[in-house]
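The primary structure of each chain is shown beneath.
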Amino acid sequence: MYTFEDRKGRSLTLRPEGTAAIVRSYLQNNMAMLAQPVQLYYIEPFFRYNQPQKGRYRQFWQVGVEVIGESDPALDAQIIQLALVILKDLGIDKLFTLQLNSIGTPESRKKYIASLQDYYFGKERHLCENCQVRLGSNPLRLLDCKEEDCVTLAKLAPSFSEYLDPESKEFHADLKEFLDELGIAYVENPKLVRGLDYYSKTVFEFWDNTSDSQNAIGGGGRYDGLVELLGGPSTPAIGFAMGVERLIANMKRAKVRVPHKDELHVFVAQLGKEAKKKCLPLIMQMRERGIKTVGALGKGSMGAQLKIADKFGAPWTIIMGLTEVREGVAIVRNMKLGTQEKVKFPKVMDKIIELIGEENLDTYHPGELLYG
Ligand code: AMP
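Being a predicted model, the structure only gives us computed values, none of them experimental.

Thresholds, definitions, all that
- Residues numbered from 1 in each chain as written.
- Predicted model: local features only at pLDDT ≥ 70, side-chain atom pairs only at ≥ 80, totals over all residues.
- Heavy atoms only, no water.
- Pairing = 2+ DSSP bridges.
- Helix = DSSP H or I, 4+ residues; strand = E, 2+ residues; numbered from the N terminus.
- Contact = heavy atoms within 4.5 Å.
- Axes fitted to C-alpha atoms, helices over the stretch in contact; angles between N-to-C directions.
- Buried < 20%, exposed > 50% of the residue type's maximum accessible area, 1.4 Å probe, protein only.
- Disulfide = S-S within 2.5 Å.
- Domains from an automatic or database assignment.
- Salt bridge = Lys/Arg side-chain N within 4 Å of Asp/Glu carboxyl O.
- Near = heavy atom within 4 Å.
- Polar contact = N/O pair within 3.5 Å; in protein donor to acceptor, adjacent residues only side chain to side chain.

Remarks on the sheet that holds strand β4 (residues 59-68)
If you trace the seven strands from one edge of the open sheet to the other, you get β3-β4-β9-β8-β7-β5-β6, paired in mixed fashion. Of all the strands in the sheet, just β3 (38-47) and β6 (187-188) have a single pairing partner and so form its edges. Its contacts with the sheet place helix α1 (residues 19-28) against β3 and β4, and it is angled at close to 45° to β4. Contacts from helix α6 (residues 166-181) reach β5 (96-102), β6, β7 (200-208) and β8 (216-222) within the one sheet, and its direction differs from that of β5 by about 155°.

Right under this line is the structure:
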């Protein structure tokens, strides 16, 4: 962790992850009184004092999700599915493989750790320096060490599945059934572990399947012991986090085209007060429908307005002058080709939707999300 002293000699630590803070907030805000499970998310910067390298920074961003207050393998399946939906929406799901394991309860883990320590007893000198230390403090980490000798030894180490308690075993089998039902592929990875005691049962990570680096884009798991550890009642929970810089790097690698949020669909140009009267409500209606619209409502000449339309890079322009008002039409101009056609005024919005494609409408309305 990134720990340092401030000017008064007080020890400060920058948060290395989000889960503990979310659980603290769950307790502090008495969220146990809400309908359970409570589902929360965050997109925040975090800090870890590790050696910076490609894809590993001292300050980085995570997007994370936590589901607190209920335990069911269906929730685990759902949260894994959510992580996959995010990867899919960003266009990079094909680059990653879901690695899945169960690390049981802390009690079953204790027995397993004892058997691991037994296994490594007398083999210490073959381990890397790091693992020699971790054998005493955190023996599970020996299983995912990347040093060659450690990998060889880990291959023959006892498998956790033999020590898994019956309840965790059943939970894991149910989770896999639900994943199958959702059509989600996974690789069973008995070496996938989490170091901390408050983790239990499900652990998962998304590994880059295009390289051997085992670089994870994100991961998570069940942490049924954390709420209690932070002073609350025994409360099950599960969550995951993904690294935003790594998401972006992979989107670049996959050449995903990101829509420009300021890109316009249509520009409205008009001449004269009568045309303005028609265009003013049209602009509002089109915006409400999700057509990104800018209107020139000043007094510029048609030529000047079309120049502005060009600057905005709008693919389509609606043009109205006195003649069009009288004829009850509008001109729709293709700005790239310079071609144009007359459309009956009441049909002009439908025409624009047809031209830009309904799927490209900007249908995000925060008000609706909040108030139904
Ligand atoms: P973790 O909490 O360690 O499971 O991290 C979850 C995800 O955050 C990882 O899969 C990475 O995508 C990202 N991440 C973790 N540490 C770093 C770091 N030092 N720099 C950049 N991304 C990171």
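Concerning unusual backbone geometry
Put simply, Gln-36 and Pro-37 share a cis peptide bond, and its omega is 0°. Structurally, Pro-37 is set in the loop between α1 and β3. Although it is not a glycine, Lys-201 sits at a positive phi angle of roughly 55°. Not every positive phi belongs to a glycine, and Lys-255 is a case in point at roughly 55°. Along the polypeptide, Lys-255 turns up in the loop between α8 (244-253) and β10 (266-270). We classify Lys-255 as exposed; its relative accessible area is 73%.

A few points about the state of the cysteines
The final tally for this structure, using the stated rule, is zero disulfides. Free of any disulfide, Cys-128 has its nearest neighbouring cysteine sulfur in Cys-131, separated by 3.7 Å. With a relative accessible area of 17%, Cys-128 lands in the buried category. Free cysteine Cys-150: the closest other cysteine sulfur is in Cys-128, separated by 3.8 Å. Taking relative accessible area as the criterion, Cys-150 reaches 1% and is therefore assigned buried.

Examining the sheet that holds strand β12 (residues 316-320)
If you walk across this open sheet you meet the five strands as β11-β10-β12-β13-β14, and the pairing is mixed. One side of each edge strand has no neighbouring strand; the edge strands of this open sheet are β11 (293-295) and β14 (340-344). Each neighbouring strand pair of the sheet contributes to a mean axis angle of 25°, computed without reference to strand direction. Note: β10 against β11, three bridges, orientation parallel.

Side note on the domain arrangement of the chain
The domain architecture assigned to the chain consists of domain 1 (3-105 + 165-253) and domain 2 (266-369). Here the C-alpha centroids of domain 1 and domain 2 sit 46 Å apart.

What about the pattern of salt bridges?
Pairing between side chains of opposite charge can happen when their charged atoms approach one another. With the rule as written, the count across this model stands at 15 salt bridges. Across the pair Lys-176 and Glu-188 runs a salt bridge, and its minimum N-O distance is 2.4 Å. Taken together, the positions of Lys-176 in helix α6 and Glu-188 in strand β6 put the pair twelve residues apart, joining distant regions of the chain. A residue is classified by how much of its surface remains accessible, and Glu-188, at 40% relative accessible area, is partly exposed. Lys-277 is paired through a salt bridge with Glu-274; the nearest N and O atoms lie 3.5 Å apart. Of this pair, Lys-277 and Glu-274 both sit in helix α9 (residues 273-289), separated by three residues, roughly a single helical turn. Connected via shared salt-bridge partners are Asp-76, Arg-222 and Asp-224.

Describing the site of the ligand
Lining the immediate environment of the ligand, one finds 14 residues, of which Arg-48, Tyr-57, Gln-62, Ile-217 and Gly-218 sit closest. Take Ile-217: an N or O atom from its main chain is 2.9 Å from an oxygen atom of the ligand. Note that an oxygen atom of the ligand is positioned 3.2 Å from one of the backbone N or O atoms of Gly-243. If you list the elements that add at least two residues to the shell around the ligand, you get β4, β8 and β9 (237-243).

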